[in-house]
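Spelled out, the chains give:
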Amino acid sequence: NAGVTQTPKFQVLKTGQSMTLQCAQDMNHNSMYWYRQDPGMGLRLIYYSASEGTTDKGEVPNGYNVSRLNKREFSLRLESAAPSQTSVYFCASGGNNEQFFGPGTRLTVL
Amino acid sequence: GQQLNQSPQSMFIQEGEDVSMNCTSSSIFNTWLWYKQDPGEGPVLLIALYKAGELTSNGRLTAQFGITRKDSFLNISASIPSDVGIYFCAGRFGGSNYKLTFGKGTLLTVNP
């Protein structure tokens, strides 16, 4: 089992460009999550999907959209990237309690 | 929103020493989780706790779910260099709709 996989691992964008971060899990989990991690800020929830077909905003959703494509896949889209979105992005999946994280995508917006 | 206070923020210890870190919350939690994050990697789940008073071990790691349900601690015994990393606590309170609240982490450095 690969667990939670994320692509790409690294990305550099110019301000105003768009991109989609991909996430997939093979653990048959219902819930999936997107976090961003910034120095001194810990992990902050951007969006989550409690089950296939549903998505909800987390703590810092502005500037992002998500799609729960199927049970396995949950993507995060930046429509018009801004320097404030420079961060490390983690996808996670889980059941009622535990969450398991992917390796992260390091995004720099110039 | 819910707040988790994790302390200490950082620790510098010698190899072989024991380590203790803790988290306290302003609300009652139903679940406490402890994660470790190595540089350049995603957080990895170390221990999960589900009942007040529960004490669980994973090798040299021991964690407890506080009786008040508002705190948890993690102990690492006989530290080794590969224990270096950031340790996060996370909790879930009733009605949180599958969401976790995370502490800001404890950065552990082990001097060989």
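Before reading on, note that the structure itself is shown above.
Residues numbered from 1 in each chain as written. Chains lettered and ligands numbered in written order. Predicted model: local features only at pLDDT ≥ 70, side-chain atom pairs only at ≥ 80, totals over all residues. Heavy atoms only, no water.

**Q** Just give me the short version of the overall build of chain A, but keep the residues and values in it.
**A** Tallying secondary structure elements over chain A gives zero helices and eleven strands in all. The secondary structure elements of chain A, listed N-terminal to C-terminal, are β-β-β-β-β-β-β-β-β-β-β. For 110 residues, the compact-globule formula gives about 13 Å, and the C-alpha radius of gyration of chain A, at 13 Å, lands near that figure. Across its three principal directions, the C-alpha atoms of chain A cover 35 × 25 × 25 Å. Looking at chain A as a whole, 48% of its 110 residues are labelled buried. Of all intrachain contacts in chain A linking residues separated by at least 6 positions in sequence, the fraction that spans at least 24 positions is 54%. Taken as a whole, chain A presents about 5,000 Å² of accessible surface, with 48% of it coming from carbon and sulfur. (Helix = DSSP H or I, 4+ residues; strand = E, 2+ residues; numbered from the N terminus. Rg over C-alpha atoms; globule rule 2.2 N^0.38 Å. Buried < 20%, exposed > 50% of the residue type's maximum accessible area, 1.4 Å probe, protein only. Contact = heavy atoms within 4.5 Å. Areas by Shrake-Rupley, 256 points an atom, 1.4 Å probe, with all protein chains shown as cover.)

**Q** So what's going on with the state of the cysteines? Residues and values would help.
**A** Evaluated as defined, the whole model comprises two disulfides over all chains. What pairs with Cys23(A) in a disulfide is Cys91(A), and their sulfur atoms sit 1.8 Å apart. Taking the sign of the torsion about the S-S bond as the criterion, the disulfide between Cys23(A) and Cys91(A), at about -70°, is left-handed. One end of the pair, Cys23(A), is in strand S3 (residues 19-25); the other, Cys91(A), is in strand S9 (residues 87-94), with 68 residues separating them in the sequence. In this model, Cys23(B) is linked to Cys89(B) through a disulfide, with the two sulfur atoms separated by 1.8 Å. (Disulfide = S-S within 2.5 Å.)

**Q** Before we move on, can you summarise the packing of aromatic side chains with the specific residues and values?
**A** Residue and element names in this part refer to chain A. Across all of its chains, the model carries ten aromatic pairs over all chains by this definition. When the centroid spacing of 6.2 Å and the interplanar angle of 15° are considered together, the rings of Tyr-33 and Tyr-48 count as stacked. Separated by 15 residues along the polypeptide, Tyr-33 in strand S4 (residues 31-38) and Tyr-48 in strand S5 (residues 42-49) bring together distant segments of the chain. The buried category is assigned to Tyr-48, whose relative accessible area is 4%. (Phe/Tyr/Trp six-rings, centres within 6.5 Å; stacked < 30°, edge-to-face > 60°.)

**Q** Give me the lowdown on the pairing of strand S5 (residues 44-49) of chain B, citing residues and values where you can.
**A** All names here are of chain B. Summarising the sheet, strand S4 (residues 29-37) and S5 pair through five bridges and their orientation is antiparallel. Each residue of the ladder has a partner; that of Lys-36, found in S5, is Val-44. The antiparallel hairpin formed by S4 and S5 contains six residues in its connecting segment, where Gly-40 sits at a positive phi of about 75°. (Pairing = 2+ DSSP bridges.)

**Q** Give me the lowdown on the interface of chain A and chain B, citing residues and values where you can.
**A** If you look at the interface, chain A gives 22 residues, while chain B gives 19 residues. Surface buried jointly by chain A and chain B totals about 1,700 Å² across both partners, of which 56% is contributed by carbon and sulfur atoms. Connecting chain A to chain B are zero salt bridges. Counting the contacts that link chain A with chain B gives six residue pairs in polar contact (both at pLDDT 80 or more). Listing elements by their share of the side of chain A that touches chain B, those giving two or more residues are S4, S5 and strand S10 (99-101) of chain A. Among the residues forming the side of chain A that touches chain B, the class breakdown is eleven nonpolar, nine polar and two charged. (Buried area = accessible area lost by both parts, 1.4 Å probe. Salt bridge = Lys/Arg side-chain N within 4 Å of Asp/Glu carboxyl O. Polar contact = N/O pair within 3.5 Å; in protein donor to acceptor, adjacent residues only side chain to side chain. Nonpolar A, V, L, I, M, F, W, Y, C, P; charged D, E, K, R; others polar.)

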